Amino acid sequence: MRVESQLSVERVIKTLKQDLPTLFQKDISYHIYTQDIYFKDPVNTFQYKFNYRIIFWTLRFHARLFFTQIYFDVHEVYQSAEDTILAKWTVRGVLRVPWKADLLFNGYSTYKLNQDNLIYEHIDTWDRKPGEILRQFWQRGEMGN
């Protein structure tokens with residue numbers, strides 16, 4: 001029997017579409033995630049909603065500290081399988097350095113849903129290695145000029 005308060009996949013997708021574009025400016029909604037959410041990207045791996053909250057706080061903190069401009073461009077968010085949502089995105093920004101280095105990389109997030117349509121796993125895949133992304137910090141920027 002389906003519980004009345006159960007989230008629909010469409011509702012989860014709508015929440016992601018609302019949250020992701022502004023994740024560098026304001027906090028996301030956490031009601032669509034399980035308490036034991038598992039997160040992995042090329043530099044971090046952890047579990048539990050408390051740690052998940054910290055990673056988003058850290059993203060916002062570092063965005064304000066290190067960038068004059070930073071954007072999380074969401075290209076599409078869709079259900080790719082019964083228990084999976086994919087979000088394709090680009091991170092772009094201008095580093096707070098005199099030479100205004102540009103940051104740009106693409107990626108996608110794979111969200112796995114449990115039987116209540118809560119996200120229990122979030123895996124980010126980037127189009128290049130973290131070291132390649134860091135090397136952009138030393139190059140003169142185009143966006144900031």
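Before reading further, recall that the structure is shown in the block above.
None of these values were measured; they are calculated from a predicted model.

K.L.:
Break down the pattern of salt bridges for me, citing the residues and quoting the values.
P.N.:
Side-chain pairing between opposite charges can occur once the charged atoms of the two side chains come close. Throughout the structure, instances matching the rule amount to five salt bridges. Aspartate 83 serves as the salt-bridge partner of lysine 112, at 3.9 Å between the closest nitrogen and oxygen. Remark: aspartate 83 occurs in the loop between β3 (67–81) and β4 (84–95) and lysine 112 occurs in strand β5 (residues 102–113); sequence separation between them is 29 residues. Residue lysine 112 is classed as partly exposed on the basis of its relative accessible area, which comes to 22%. A salt bridge links arginine 128 to aspartate 127; the shortest N-O distance between them is 3.1 Å. Residue classification places arginine 128 among the partly exposed residues on the basis of a relative accessible area of 27%.

K.L.:
Would you mind going over the packing of aromatic side chains in detail, with residue names and values included?
P.N.:
A complete count under the given rule lists 13 aromatic pairs for this structure. Judged by centre distance (4.7 Å) and plane angle (55 degrees), the ring pair of tyrosine 33 and tyrosine 52 falls under tilted. Taken together, the positions of tyrosine 33 in strand β1 (residues 33–40) and tyrosine 52 in helix α2 (residues 49–66) put the pair 19 residues apart, joining distant regions of the chain. Of the two residues, tyrosine 33 and tyrosine 52, both sit in the buried class. A ring pair is formed by tryptophan 57 and phenylalanine 61, whose centres lie 5.2 Å apart and whose planes are at 10 degrees; its orientation type is stacked. One end of the pair, tryptophan 57, and the other, phenylalanine 61, are both in helix α2, four residues apart, so they sit about a helical turn from each other.

K.L.:
Help me get a handle on the environment of alanine 81, residues and values and all.
P.N.:
With respect to the helices, strands and loops of the structure, alanine 81 is situated in strand β3. Sequence spacing of alanine 81 and isoleucine 37 is 44 residues, and the spatial spacing of their C-alpha atoms is 19 Å.

K.L.:
How would you sum up unusual backbone geometry? Please name residues and give values.
P.N.:
Located in the positive-phi region is tyrosine 48, a residue other than glycine, with phi close to 90 degrees. Tracing the sequence through the fold places tyrosine 48 in the loop between β2 (45–47) and α2. Phi is positive for asparagine 117, which is not a glycine, with a value near 60 degrees.

K.L.:
I'd like a description of the environment of valine 77, backed by residues and values.
P.N.:
Checked against the element boundaries, valine 77 lands in strand β3. Taking the C-alpha atoms as reference points, valine 77 and aspartate 116, 39 residues apart in sequence, are found 19 Å from one another.

K.L.:
Pulling in residues and values, what's your account of the pairing of β4?
P.N.:
Most of β4 is tucked away, with ten of its twelve residues classed as buried. In the sheet, β3 pairs with β4 via twelve bridges, with the strands oriented antiparallel. Considered in β4, the bridge of phenylalanine 72 is made with valine 91. Bridging between β4 and β5 involves eleven bridges; their strand directions are antiparallel. Its bridge partner lying in β5, threonine 90 is registered against asparagine 106.

The rules behind the values
- Residues numbered from 1 in each chain as written.
- Predicted model: local features only at pLDDT ≥ 70, side-chain atom pairs only at ≥ 80, totals over all residues.
- Heavy atoms only, no water.
- Salt bridge = Lys/Arg side-chain N within 4 Å of Asp/Glu carboxyl O.
- Helix = DSSP H or I, 4+ residues; strand = E, 2+ residues; numbered from the N terminus.
- Buried < 20%, exposed > 50% of the residue type's maximum accessible area, 1.4 Å probe, protein only.
- Phe/Tyr/Trp six-rings, centres within 6.5 Å; stacked < 30°, edge-to-face > 60°.
- Pairing = 2+ DSSP bridges.

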